[in-house]
Amino acid sequence: MKKVFLLGIALLGFTVMSNAQEIANNAIGLRLGDSDGFGAEISYQRALGDNNRLEVDLGWRDGKNYDGFKLAGLYQWVWNLDGGFNWYAGAGGGLGSFSFNNPGGKDISDTFIFAAGDIGIEYNFDIPLLISLDFRPEIGFGDDNFNNNDLDFDIALGIRYQF
């Protein structure tokens, strides 16, 4: 009986310690990746508890013949690896819209929605800086323009200020 009690205390202690990391209440910065043609995204993270958060990313592009935006929202769970190193996983989705003015042909525009997953690793510095590397698979649903109905893999580097 004594061994079962000690084992229970050890498991409870391990559970508390594995969830006892601190994530910032807020973080804002850039997510630098492919993002399926939208490039860099403005990224905001909001803590929802001790080990989960909401991330919202906005990417836009404006040029001579092309403009569009992409908005993604993800719910993430965060686990501490060691010291300032964390890993995280999440799921979510978003919407986007673009228009392409082809000077010699047909103009193309589309609005689409997508579902996304997210997995990554991050380092929380002693100063209010957070750097991350993540992998985000996305599947889009829209017209057949520019293959929005396929699976896209996005890898990005994130740099955020925590407050």
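Residues numbered from 1 in each chain as written. Predicted model: local features only at pLDDT ≥ 70, side-chain atom pairs only at ≥ 80, totals over all residues. Heavy atoms only, no water.

## Quick word on the overall build of the protein chain
Now for step 1: Along the protein chain, the regular secondary structure elements total one helix and eight strands.
Now for step 2: Moving toward the C terminus, one meets the helices and strands of the protein chain in the order α-β-β-β-β-β-β-β-β.
Now for step 3: Out of the 163 residues belonging to the protein chain, those deemed buried represent 32%.
Now for step 4: Considering only contacts in the protein chain between residues 6 or more positions apart, those separated by 24 or more positions represent 50%.
Now for step 5: Accessible surface, the protein chain: about 9,600 Å² in total, of which carbon and sulfur atoms supply 65%. (Helix = DSSP H or I, 4+ residues; strand = E, 2+ residues; numbered from the N terminus. Buried < 20%, exposed > 50% of the residue type's maximum accessible area, 1.4 Å probe, protein only. Contact = heavy atoms within 4.5 Å. Areas by Shrake-Rupley, 256 points an atom, 1.4 Å probe, with all protein chains shown as cover.)

## Describing the side chain of S43
Now for step 1: Along the chain, S43 falls in strand β2 (residues 41-47).
Now for step 2: Within the local environment of S43, its side chain forms a polar contact with the side chain of D57, the two groups lying 2.7 Å apart.
Now for step 3: Within polar-contact distance, the side chain of S43 engages the side chain of R160 at 3.0 Å.
Now for step 4: If we ignore the near neighbours within four places in the chain, the residues touching S43 are A27, I28, G29, L30, R31, E55, V56, D57 and R160. (Polar contact = N/O pair within 3.5 Å; in protein donor to acceptor, adjacent residues only side chain to side chain.)

## Quick look at the sheet that holds strand β4 (residues 66-82)
Now for step 1: Read around the closed barrel, the eight strands follow the order β1-β2-β3-β4-β5-β6-β7-β8; overall the barrel is antiparallel. With direction set aside, neighbouring strand axes in the sheet form an average angle of 25 degrees.
Now for step 2: Pairing of strand β1 (residues 26-33) with β2, which is carried by six bridges, proceeds in the antiparallel orientation. The residue of β2 that forms the bridge with N26 is R46. (Pairing = 2+ DSSP bridges. Axes fitted to C-alpha atoms, helices over the stretch in contact; angles between N-to-C directions.)

## Thoughts on the packing of aromatic side chains
The description of two aromatic rings rests on the distance between their centres and on the angle between their planes.
Now for step 1: Under the defined criterion, the tally for this structure stands at nine aromatic pairs.
Now for step 2: When the ring of Y75 is compared with that of W77, the centres are 4.8 Å apart and the planes differ by 75 degrees; the resulting orientation is edge-to-face.
Now for step 3: Look at Y75 and you get partly exposed, because its relative accessible area is 29%.
Now for step 4: Look at W77 and you get partly exposed, because its relative accessible area is 38%.
Now for step 5: Ring geometry for F98 versus F112: centroids 6.3 Å apart, planes at 50 degrees, classification tilted. Taken together, the residues F98 in strand β5 (residues 85-100) and F112 in strand β6 (residues 108-124) connect sequence positions 14 residues apart.
Now for step 6: By relative accessible area, which is 5% here, F98 ends up buried. (Phe/Tyr/Trp six-rings, centres within 6.5 Å; stacked < 30°, edge-to-face > 60°.)

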